[in-house]
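Understanding the architecture of this molecule
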Amino acid sequence: MTTAPPTPPDTDAAAFVAALRRLKAWSGLSYRRLERRAADAGHTLPYSTAATMLGRERLPRAELVAAFVSACGLRGTEAEAWVDARSRIACGSVDAGAAVDAGGFVGLAAVDAGRPTERPLVVTPPARSEPMEAVPLRRPRPLRWAPVAAAVLLTALLGGALASGGVTDDEEIGQSRTAYDVTEAH
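I will try to describe carefully the structure that is included in this document. What you are looking at is a predicted structure, and each value in this text was computed from that prediction instead of being measured. (Residues numbered from 1 in each chain as written. Predicted model: local features only at pLDDT ≥ 70, side-chain atom pairs only at ≥ 80, totals over all residues. Heavy atoms only, no water.)

1. Some points on the environment of Pro 9
For Pro 9, the position within the fold is in the segment before helix H1 (13-27). Owing to a relative accessible area of 18%, Pro 9 belongs among the buried residues under this scheme. Separated by 80 residues in sequence, Pro 9 and Ile 89 have C-alpha atoms that sit 8.9 Å apart. Ignoring anything within four residues of it in the chain, the contact list for Pro 9 reads Ala 15, Phe 16, Ala 19, Ala 85 and Ile 89. (Helix = DSSP H or I, 4+ residues; strand = E, 2+ residues; numbered from the N terminus. Buried < 20%, exposed > 50% of the residue type's maximum accessible area, 1.4 Å probe, protein only. Contact = heavy atoms within 4.5 Å.)

2. A closer look at H1
Between its terminal C-alpha atoms H1 stretches 21 Å, which fits the 21 Å expected from 15 residues at 1.5 Å a residue. Listed as buried for H1 are Phe 16, Val 17, Ala 19, Leu 20, Leu 23, Lys 24, Trp 26 and Ser 27. Seen from one end, H1 has its buried residues packed into an arc of 165 degrees, which puts them on one side. Packed against the buried residues of H1 are helix H2 (31-40), helix H3 (47-55), helix H4 (62-71) and helix H5 (76-91). Of the residues trailing H1, Gly 28 is marked for its positive phi of about 75 degrees. (Expected span 1.5 Å × (residues − 1). Arc of directions from axis to C-beta.)

3. Considerations on the pattern of salt bridges
Under the definition given, this model contains three salt bridges. Linking Glu 57 and Arg 21 is a salt bridge whose minimum nitrogen-to-oxygen distance equals 3.0 Å. Of this pair, Glu 57 sits in the loop between H3 and H4 while Arg 21 sits in helix H1, placing them 36 residues apart in sequence. The exposure class of Arg 21 is partly exposed, given its relative accessible area of 30%. (Salt bridge = Lys/Arg side-chain N within 4 Å of Asp/Glu carboxyl O.)

4. Section: the nonpolar core
Core analysis: the largest hydrophobic core is formed by 24 residues, its most contacted members being Leu 23, Leu 45, Phe 68, Val 69 and Trp 82. Breaking this core down by element, the ones donating at least two residues are H1, H2, H3, H4 and H5. If sequence neighbours within four positions are ignored, Leu 23 has contacts with Pro 5, Pro 6, Phe 68, Val 69, Cys 72, Leu 74 and Trp 82. (Core = buried A, V, L, I, M, F, W, Y, C linked by side-chain atoms within 4.5 Å.)

5. Brief notes about the packing of H1 against H4
Where H1 meets H4, the closest approach of the two axes is 10 Å, and the angle between their N-to-C directions is 25 degrees. Of the possible angle classes, the one that applies to H1 and H4 is roughly parallel. Where H1 crosses over H4, the two elements pack in a sense that is left-handed. Residues Phe 16, Leu 20, Leu 23 and Lys 24 of H1 pack against Val 65, Phe 68 and Val 69 of H4. Residues of the contact of H1 with H4, tallied by class, amount to six nonpolar, no polar and one charged. (Axes fitted to C-alpha atoms, helices over the stretch in contact; angles between N-to-C directions. Parallel < 35°, antiparallel > 145°, perpendicular 65-115°, else oblique. Left-handed = near helix turned anticlockwise from the far one by under 90°. Nonpolar A, V, L, I, M, F, W, Y, C, P; charged D, E, K, R; others polar.)

6. Let's talk about the packing of H2 against H4
At a minimum axis distance of 8 Å, the contact between H2 and H4 shows a crossing angle of 100 degrees. Taken together, the axis directions place H2 and H4 in an arrangement best described as roughly perpendicular. In contact with Leu 34, Arg 37 and Ala 38 of H2, H4 contributes Ala 67, Phe 68 and Ala 71. Along the lines of polarity and charge, the residues of the contact of H2 with H4 split into five nonpolar, no polar and one charged.

7. Points about the packing of aromatic side chains
Two descriptors summarise a pair of aromatic rings, namely the distance from one centre to the other and the angle between the planes of the rings. In the structure shown here, the tally under the stated rule is one aromatic pair. When the centroid spacing of 5.6 Å and the interplanar angle of 65 degrees are considered together, the rings of Phe 16 and Trp 82 count as edge-to-face. Taken together, the residues Phe 16 in helix H1 and Trp 82 in helix H5 connect sequence positions 66 residues apart. Residue classification places Phe 16 among the buried positions, given a relative accessible area of 0%. Sitting over the ring of Tyr 31, Lys 24 keeps its end group 4.5 Å from the ring centre. The ring of Tyr 47 is capped by Arg 32, whose NZ or CZ atom sits 3.7 Å from the centre of that ring. (Phe/Tyr/Trp six-rings, centres within 6.5 Å; stacked < 30°, edge-to-face > 60°. Lys NZ or Arg CZ within 6 Å of the ring centre and 35° of its normal.)

Quick look at the structure:
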């Protein structure tokens, strides 16, 4: 660690994760060693989570960024710069004069006698940076069990009709002969 650590970008999530990869390379630590150093600093950073975080292009959670930069050896303002950059990317770029940002109010925080601060105050951050897509309505699924239920009902009705004698030949049987009657006749 003879050179200065990489600085966090404020552009987008992919650039931020690429900078986190450069920070890991700068630290020279393995994922297992990062896990141990984060635990020593009071953070939780499983090695598999760190590897997954650096393998994606999505913005990691703020607590993961704090644990990761701490494990890489950054402290104080250097570590805060990474967490702040992550927050700026997550909330989108905010102009000091902006009034509304993607469904959330953006205003200036009042300090001592109504003077605004240098940082805008995000009252309600947007949940997503891109607009939500319209979800098409689904047609109801056909009733797949209806034919089975109809077959069971038909079987029950026919079985009941057969058992009650409702379905027989119209021809009357005049006399039935049994095996006993046949042997007596001879």
